[in-house]
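Observations on the model geometry
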Amino acid sequence: MIRIWAKVIKNDKIIKQYVLERFEQMDYSEFFSYLTEICSNLDIPTPVLIKTHLFNYAKYNNVRFKKDDFVEPINFDKLVLENAFL
């Protein structure tokens, strides 16, 4: 089962959150589709996903997307994805 807790943070406060749940094994080749679904539900732009983001999620169970990771302008400080099974 996959459970990813997404938090949109502005001024060190959570302004939006969403938990993605799927009853399947984690497939890192599908991580961009997870990210796209999360961003769609949060009504925010989807950030650029690079290999470092995947490694951070796999190794540390979380990943942070900052303003530089987004192509479109955003009105928050960062997007944090955490493995919610810990």
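Shown above is the structure to which this text applies.
Residues numbered from 1 in each chain as written. Predicted model: local features only at pLDDT ≥ 70, side-chain atom pairs only at ≥ 80, totals over all residues. Heavy atoms only, no water.

**Let's talk about the pattern of salt bridges**
- One pass over the full model with this rule turns up four salt bridges.
- The closest approach of N and O atoms between Arg3 and Glu21, which form a salt bridge, is 2.8 Å. A residue pair is termed long-range when its members are at least 10 positions apart, and Arg3 in strand E1 (residues 2-10) and Glu21 in strand E2 (residues 13-22) qualify at 18 residues.
- Since its relative accessible area comes to 25%, Arg3 is described here as partly exposed.
- Assessed through its relative accessible area of 41%, Glu21 is described here as partly exposed.
- Close ionic contact of Arg22 with Glu24 constitutes a salt bridge, the shortest N to O distance being 3.9 Å.
- Arg22 sits in the partly exposed class, given a relative accessible area of 22%.
- Within the structure, one salt-bridge network assembled from shared partners comprises Arg22, Glu24 and Glu37. (Salt bridge = Lys/Arg side-chain N within 4 Å of Asp/Glu carboxyl O. Helix = DSSP H or I, 4+ residues; strand = E, 2+ residues; numbered from the N terminus. Buried < 20%, exposed > 50% of the residue type's maximum accessible area, 1.4 Å probe, protein only.)

**Quick notes on helix H1 (residues 31-42)**
- For H1, spanning twelve residues, the distance from its first C-alpha to its last is 17 Å, which sits close to the expected 16 Å at 1.5 Å a residue.
- Residues of H1 that are buried: Phe31, Tyr34, Leu35, Ile38, Cys39 and Leu42. Buried residues of H1, viewed axially, fall in a sector of 130 degrees; they line one side.
- On its buried face, H1 is in contact with E1, E2, helix H2 (51-60), strand E3 (62-66) and strand E4 (78-83).
- Count one or two residues on from H1 and you reach Asp43, which has phi positive near 60 degrees. (Expected span 1.5 Å × (residues − 1). Arc of directions from axis to C-beta. Contact = heavy atoms within 4.5 Å.)

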